[in-house]
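Letter by letter, the chains look like this.
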Amino acid sequence: MAGMTLTEKILAKHAQRARVAPGDNIWVDIDVLMTHDVCGPGTIGVFHKQFGKNAKVWDRDKVVIIPDHYIFTADAMANRNVDVLRAFVKEQGLPHFYDVGTDRYKGVCHIALAEEGHTRPGELLLGTDSHTCNAGAFGEFATGIGNTDAGFVMGTGKLWLKTPPTMRFVFHGELPPWLMAKDMILSVIGDIGCDGATYKAMEFDGQGVFGLNMEERMTLCNMVIEAGGKNGVIAPDQVTLDYVNARNKSGKKYEVTQSDGDATFEFEKVYDLSQLKPVVAKPHSPDNKAFVDELVGTRLDRAYIGSCTGGKMTDFRAAARVLNGHTVKVDTFIVPATTEIAKNLKTETLDGKSLEQVFLNAGAKIGEASCAACLGGPGDTFGRLNAALRCISTTNRNFPGRMGHKEAEVFLASPLTVAASALNGSITDPREYFA
Ligand code: SF4
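Residues numbered from 1 in each chain as written. Predicted model: local features only at pLDDT ≥ 70, side-chain atom pairs only at ≥ 80, totals over all residues.

Let's shift gears to unusual backbone geometry. For the bond running from Pro283 to His284, omega is 0°, close enough to zero to count as cis. Its place among the elements puts His284 in the loop between strand S12 (279–281) and strand S13 (289–291). For Asp351, which is not glycine, the phi dihedral falls at a positive 50°. Its place among the elements puts Asp351 in the loop between strand S16 (349–350) and strand S17 (353–354). At Ala372, a position not held by glycine, the phi torsion is positive, near 45°. Turning to its location among the elements, Ala372 is positioned in the loop between strand S18 (365–366) and strand S19 (390–393). A residue is classified by how many C-beta atoms lie within 10 Å of it, and Ala372, with 33 of them, is buried. (Helix = DSSP H or I, 4+ residues; strand = E, 2+ residues; numbered from the N terminus. Buried ≥ 20, exposed ≤ 12 C-beta atoms within 10 Å, placed from the backbone.)

Below, the structure written as structure tokens:
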């Protein structure tokens with residue numbers, strides 16, 4: 001009997017079965033359910049409608065609520081969404097609420113989940129956000145679900161899932177200093193297309209993956225949804241365990257597992273990192289791949305460095321290295337994913353200056369920790385594209401209207417490429433800064 005992949009093993013355990021195979025429909029027990037200000041109110045509405053006005057969530061300790069999307073805005077509807085979350089948290093007595101305006105406020109949910117110790121190997125985490133697959137970086141099964149499913153999970157702690165087949169992506173070699181995880185994942189998405197992994201697990205493997213820190217591994221897993229993937233996953237190693245053990249506040253025990261040596265992968269693609277060049281996704285799709293040297297000189301109006309796939313310390317260290325001592329030629333927006341990252345920008349230094357000072361000296365503007373303009377948001381959102389501008393961004397989607405104006409053009413790239421491009425006002429090969 002063939003072995004199982006990491007994804008299959010986690011699903012089997014949560015279905016209390018010895019084994020599962022791709023295509024098996026199973027009931028699984030959920031370890032963590034996350035929701036935020038955009039989908040939380042809808043989820044709560046489904047929960048109350050289906051389970052009753054006085055119903056209680058299945059396990060208070062397993063529900064995590066993180067307002068992050070439309071936060072720093074005067075928009076009354078957006079503010080009302082956060083009020084709905086507050087009322088629900090009070091009604092249910094939920095301990096894991098990261099409310100805006102308090103010391104607990106965190107920012108972008110996927111990074112907040114990791115930083116606050118809600119991500120653990122071997123677990124099953126669901127969230128009402130398509131980039132919930134981010135948490136697969138910790139060797140767990142994590143995927144996004146809709147409000148209806150989330151309302152059901154809130155009441156029962158269970159969900160009906162189909163076991164996905166697994167695709168494996170192996171990266172050989174070491175990442176050169178001008179490349180980042182964003183280049184790796186944009187390369188994969190460009191190669192297999194936006195529907196190349198529809199309802200499939202994407203497992204990342206190889207020295208090039210295990211050489212990445214946890215923030216970069218999150219960037220890989222976060223964007224599997226841009227290829228239609230059900231989940232992304234990386235087997236836990238010592239790097240994973242060090243991160244998790246330092247943050248696992250609850251002390252909850254977890255199980256480390258990996259794909260069996262004889263597991264069946266439906267597809268395998270091998271990359272040699274020494275052959276990879278910086279990648280850019282052109283408007284209006286994350287799979288519209290080009291190498292940066294094909295686009296050099298393309299005029300820009302704006303640069304944006306933020307989001308769950310481009311607003312972490314690793315991203316800002318990379319951007320600061322390029323921007324240090326220079327001045328940007330286009331409006332450049334910096335948005336830390338979380339408040340922890342925002343604090344670190346003030347304390348971590350480069351050549352005796354804080355990273356925050358490096359960005360301000362370069363002429364960039366720094367916003368508050370949140371999703372900000374990654375999803376457009378209300379008109380007063382920091383960094384939003386309110387006109388038909390051309391922007392290069394470290395975010396993860398570039399569909400028409402995603403960052404605001406429907407006629408804006410968004411190029412997706414690594415923080416190194418975005419920073420280098422900001423300095424020239426046109427798309428620039430970051431390798432110029434690594435002479
Ligand atoms: S930063 Fe962007 S991609 Fe990430 S959760 Fe927020 S809106 Fe979604």
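Remark on secondary structure: sheet strands pair via backbone hydrogen bonds, oriented parallel or antiparallel. Pairing in this open sheet of five strands is parallel, and the strands run S4-S3-S2-S5-S6 from one edge to the other. Two strands close off the open sheet at either side, each with one partner strand: strand S4 (96–97) and strand S6 (141–144). As paired elements, strand S5 (residues 124–127) and S6 share four bridges and run parallel to each other. Residue pairing across strands places Leu124 opposite Phe141, the latter belonging to S6. Against the sheet, helix H5 (residues 147–156) engages strand S2 (32–35), strand S3 (63–65) and S5, with an angle of about 135° to S2. (Pairing = 2+ DSSP bridges. Contact = placed C-beta atoms within 7 Å. Axes fitted to C-alpha atoms, helices over the stretch in contact; angles between N-to-C directions.)

Accessible area lost upon the coming together of the parts is a frequently used measure of interface size. Domain annotation of the protein identifies domain 1 (7–250 + 264–270) and domain 2 (282–434). Summarising the inter-unit geometry, the C-alpha centres of domain 1 and domain 2 are found 24 Å apart. Between domain 1 and domain 2, the contact holds 37 residues from the first and 39 residues from the second. Among the elements of the structure, helix H4 (109–115), helix H6 (181–192) and helix H8 (214–222) are those that each provide at least two residues to the side of domain 1 that touches domain 2. The element that contributes the greatest number of residues to the side of domain 1 that touches domain 2 is H6, accounting for six residues. (Domains from an automatic or database assignment.)

A word on the site of the ligand. Taken together, 13 residues sit near the ligand, with Ser307, Cys308, Cys371, Cys374 and Leu375 positioned nearest. Of the residues assigned to the shell around the ligand, the class counts are six nonpolar, six polar and one charged. (Near = placed C-beta within 6 Å. Nonpolar A, V, L, I, M, F, W, Y, C, P; charged D, E, K, R; others polar.)

Mapped onto the secondary structure, Arg317 falls in helix H11 (residues 313–323). Arg317 sits 28 residues away from Leu345 along the chain, and the two C-alpha atoms are 9.0 Å apart.

So, about the sheet that holds strand S11 (residues 267–272). Taken in spatial order, the four strands of this open sheet run S10-S9-S8-S11, and their pairing is parallel. With partners counted over all chains shown, the strands left at the sheet margins are strand S10 (231–234) and S11, one partner each. With strand direction ignored, the average angle separating the axes of adjacent strands in the sheet is 20°.

Attention now moves to the pairing of strand S15 (residues 331–335). Most of S15 is tucked away: four of the five residues are buried. In terms of strand pairing, strand S14 (residues 302–306) meets S15 through five bridges, oriented parallel. Bridge pairing links Arg302 to Asp331 in S15. This β-α-β element, S14 to H11 to S15, shows right-handed connectivity. Two strands pair when backbone bridges link them, and S15 and S18 are joined in this way by two bridges, in the parallel orientation. Following the sheet pairing, Phe333 is matched in S18 by Lys365. (Right-handed = clockwise from strand over helix to strand, strands pointing away.)

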